[in-house]
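# Commentary on secondary and tertiary structure
Take a look at the letters that make up each chain.
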Amino acid sequence: MTKENLKICCIGAGYVGGPTCAVIAYKCPTVTVTIVDLNEDRIAAWNSDNLPIYEPGLDDVVFACRGRNLFFSSEVDQAIQEADLIFVSVNTPTKKSGIGAGFAADLAYVESATRRIAQVATSSKIVIEKSTVPCRTAESMRAILEANSRDGIRFDILSNPEFLAEGTAIPDLMYPDRVLIGSLQTPEGIKAQNVLADVYANWVPKEKIITMGLWSSELSKLAANALLAQRISSINALSAICEATGADVDEVAYACGLDSRIGPKFLKASVGFGGSCFQKDILNLVYLSESLHLPEVAEYWKQVVTMNEYQKSRFLERIVKRLFNTLTNKNLAVFGFAFKKNTGDTRESAAITLVKHFIQEKANIHIYDPKVEDAQIEMDLCEPGIATPEQYKKSVTIFHDPYEAAKNADAIVVLTEWDEFKTLDYQRVYNNMHKPAFIFDGRLFLDTKKLQNIGFQVEVIGRQV
Ligand SMILES: NC(=O)c1ccc[n+]([C@@H]2O[C@H](COP(=O)([O-])OP(=O)(O)OC[C@H]3O[C@@H](n4cnc5c(N)ncnc54)[C@H](O)[C@@H]3O)[C@@H](O)[C@H]2O)c1
Ligand SMILES: O=c1ccn([C@@H]2O[C@H](COP(=O)(O)OP(=O)(O)O[C@H]3O[C@H](CO)[C@@H](O)[C@H](O)[C@H]3O)[C@@H](O)[C@H]2O)c(=O)[nH]1
């Protein structure tokens, strides 16, 4: 393998595999990148004009190199055979049953991808853990690869966790704070580490490419997410104190964030963090701590998730209380269903929890989100014991225009901080609502004074209004 004709395969064409490897292809025109997935529909979408995920800037990157040195395929075996480097970028959700259910990561997809590599590889490979995995997963991967591979084939395993955030994936990948590469500290491990470092060096400054041991690298990913989520739970805990005392959580965050030891980022109080990673990775850390007989450590991290659940239920209670203690037959316009702005992803979105409660409280729910697909909302909300498809149809209507969603509503509940919600004509919205007209701002980003002057009853997280 030479630097010029390197071939990369990425197993898993999801939110990470797709953008990450598309950026590699974009930045390294002499490297051939093939992204494979078992899900043929997803691959077809990657090969179409309508990419399967919404991410600002992604279209430009993919359309610039698709068919040149970037390919999407469901021919997994062929891509594995041809590759020098293989990224394993499959999903690692929380286990739903069995030992560790509700906490541990389900490594079935990682194992199956690893077994596939062992089974079909006909030459030596560098196998890279891109998925977020528990500490020492690379050891299991190595055991599987070595036990099943053909003679004369060598596998080196690297950990290269991904730190992109959805909604900003492309700038995060183009200008990363750091790229982390873990390997066994053997001559072969370090050689493999250098091969991958050279790929990133095509566009990432050398001092930002950090190398370390495998286990530190794997744990650093869980640790970074735990620390980020902990900041949000901390500010959300303070938001409850603010609501009870008359302090303003944005002012408190500003004052604290100016301290250079604290810094201003990730101190925005909200209705609770969502996304496919924070909760899953913290629960994974909790499970790891318990497995290592560190119950106090486990309890400490668990509290970050507990606080997040509390934040959602506190907001729900406030909504019910302000709407005269009943939501029955009230029309609630839900603005935003994605877990954050600039993504169509709804995984673990606070909106799912809130709307499920609204259904149980027998409200009529009008949902508007600029990017989430209608079918996704239905899939997220239909759940045995919560809503049958019939109940869902009765309770939930999806709108493609925020003014229509708010028509005849008793209240608007803002759950995602989409920029367009700031610039709506709220006078027009107000005129068409039932009175008193309420707005519950779960993102602290609307102009409260302006809304009050129009006549709205406004409720904001972390502030008495
Ligand atoms: N979403 C994020 O922003 C983000 C950021 C950093 C890290 N991560 C981590 O990256 C990993 C992937 O996350 P994601 O959000 O991209 O998941 P995803 O569900 O969007 O994509 C995973 C893809 O892998 C495919 N897959 C599963 N098993 C396969 C196999 N054996 N062969 C071929 N394809 C297979 C699935 O069909 C799916 O399309 C997870 O471990 C996650 O924790 C995610
Ligand atoms: O001050 C803040 C910042 C974020 N959030 C919420 O937290 C959640 C997660 O946001 P963010 O971290 O921006 O998006 P993710 O795509 O989940 O990215 C996180 O999870 C990824 C998957 O592991 C990591 O790669 C990223 O580094 C990490 O930021 C969202 O619901 C946000 O609205 C807040 O409530 N307040």
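Residues numbered from 1 in each chain as written. Chains lettered and ligands numbered in written order. Predicted model: local features only at pLDDT ≥ 70, side-chain atom pairs only at ≥ 80, totals over all residues. Heavy atoms only, no water.

To keep it simple, the criterion reads: UniProt positions are given in the numbering used here, feature names are shortened, and annotations may be inferred rather than shown by experiment.
An unreviewed UniProt entry lists the chain under the name UDP-glucose 6-dehydrogenase, from Spizellomyces punctatus. You can read under Pathway (unreviewed entry) in the UniProt record for the chain the words "Nucleotide-sugar biosynthesis; UDP-alpha-D-glucuronate biosynthesis; UDP-alpha-D-glucuronate from UDP-alpha-D-glucose: step 1/1." Looking at the chain in UniProt, the text filed under Sequence similarities (unreviewed entry) is "Belongs to the UDP-glucose/GDP-mannose dehydrogenase family."

## Here we look at the UniProt feature "active site" (unreviewed entry) in the chain
Condition: Helix and strand definitions here come from DSSP, where helices need a minimum of 4 consecutive H or I residues and strands a minimum of 2 consecutive E residues; each element is numbered from the N-terminal end.
UniProt records the feature "active site" (unreviewed entry) for C277 in the present numbering. Relative to the assigned elements, C277 resides in the loop between α10 (249-257) and α11 (278-291).

## Let's talk about the sheet that holds strand β5 (residues 125-129)
Strand pairing in a sheet is mediated by backbone hydrogen bonds. Such pairs are either parallel or antiparallel. Cut-off, in case you're wondering: Strand pairing is defined by DSSP finding a minimum of two bridges between the two strands. Between N-to-C directions, angles span 0 to 180 degrees; the directions come from axes that are lines fitted to C-alpha atoms, helices contributing only their stretch in contact.
Reading across from one edge, β3-β2-β1-β4-β5-β6-β7-β8 is the order of the eight strands in this open sheet, with mixed pairing throughout. Either end of the sheet is taken by a strand with one partner, and the two such strands are β3 (70-73) and β8 (209-213). Strand after strand, the sheet turns through a mean of 25° between neighbouring axes, direction not considered. As paired elements, strand β4 (residues 85-88) and β5 share four bridges and run parallel to each other. Considered in β5, the bridge of F87 is made with I128.

## Quick look at the domain arrangement of the chain
Here is the rule: Annotation comment: domain bounds sourced from an automatic or database domain assignment. In what follows, a contact means two residues having at least one pair of non-hydrogen atoms within 4.5 Å. Summed over both partners, the accessible area lost on bringing two parts together, with a 1.4 Å probe, is the buried area.
Parsing the chain into structural domains produces domain 1 (7-204) and domain 2 (306-460). Each side of the interface is counted separately: domain 1 has seven residues, and domain 2 has nine residues. Summed over both sides, the interface of domain 1 with domain 2 buries roughly 640 Å², with 50% coming from carbon and sulfur. Among the residues of domain 1 in contact with domain 2, Y15, Y54 and E166 are the three that bury the most area, contributing 80% of the side total.

## Points about the sheet that holds strand β10 (residues 364-368)
With respect to topology, six strands assemble into an open sheet ordered β11-β10-β9-β12-β13-β14, the strand pairing being parallel. Here the strands that pair on one side only, and so sit at the sheet edges, are β11 (396-399) and β14 (457-460). Direction aside, neighbouring strands of the sheet carry axes that sit 20° apart on average. Note: strand β13 (residues 438-441) against β14, four bridges, orientation parallel. Note that in β14 the partner of F440 across the bridge is E459.

## Description of the environment of F456
Selection rule: Residue exposure (1.4 Å probe, protein chains only): buried if accessible area is under 20% of the type maximum, exposed if over 50%, otherwise partly exposed.
In this structure, F456 sits in the loop between α18 (448-454) and β14. Under the relative-accessibility criterion, F456 is labelled buried at 3%. For the pair F456 and I43, spaced 413 residues apart in sequence, the C-alpha to C-alpha distance is 46 Å. Those residues in contact with F456 that lie beyond four places of it in its chain are Y426, V429, Y430, M433, A437, F438, I439 and L451.

## Quick look at the site of ligand 2
Our working definition: Definition of nearness: a residue and a molecule or strand are near each other if at least one heavy atom of the residue lies within 4 Å of the molecule or strand. Any pair of N or O atoms that falls within 3.5 Å is considered a polar contact. Within protein, one atom must be able to donate a hydrogen and the other to accept it, and sequence-neighbouring residues count only if both atoms are side-chain atoms. Only the protein chains shown count as covering a residue, and every accessible area follows the Shrake-Rupley method with a 1.4 Å probe.
Contacts to ligand 2 come from 21 residues, most closely from F163, L164, S270, C277 and R443. Contact distances for ligand 2 include 2.7 Å between an oxygen atom and a side-chain N or O atom of N225. With respect to ligand 2, the backbone of K268 contributes an N or O atom lying 2.8 Å from a nitrogen atom. When the free accessible area of ligand 2 is taken as 690 Å², the share hidden by the protein chains comes to 90%. Counting residues per element, the ones that place at least two in the shell around ligand 2 are α9 (214-245) and α11.

## Quick word on the packing of helix α12 (residues 295-322) against helix α13 (residues 350-360)
We apply this condition: If an angle is under 35 degrees, it is roughly parallel; if it is over 145, roughly antiparallel; if it lies from 65 to 115, roughly perpendicular; otherwise it is oblique. What makes a crossing left-handed is the near helix being turned counterclockwise from the far one by less than a right angle; a clockwise turn instead makes it right-handed. Under the convention adopted here, Pro, Cys and the residues Ala, Val, Leu, Ile, Met, Phe, Trp and Tyr are nonpolar, Asp, Glu, Lys and Arg are charged, and Gly plus all remaining residues are polar.
Interaxial distance between α12 and α13 falls to 10 Å at its minimum, and their mutual angle equals 40°. Regarding the angle of α12 to α13, the classification is oblique. For the crossing formed where α12 meets α13, the hand is right-handed. Residues K312, F315, L316 and I319 of α12 pack against A350, T353, L354, H357 and F358 of α13. Tallied by class, residues from the contact of α12 with α13 come to six nonpolar, two polar and one charged.

## Overview of helix α8 (residues 187-200)
Applicable threshold: One fewer than the residue count of a helix, multiplied by 1.5 Å, yields its expected span. Directions drawn from the helix axis to the C-beta atoms are what define this arc.
For α8, spanning 14 residues, the distance from its first C-alpha to its last is 20 Å, which sits close to the expected 20 Å at 1.5 Å a residue. Looking at α8, one finds that the buried residues are G189, A192, Q193, L196, A197, V199 and Y200. End-on view of α8: buried residues confined to an arc of 150°, all on one side of the axis. Exposed side of α8, more than 90 degrees from the buried face: P187 and K191 are the residues found there.

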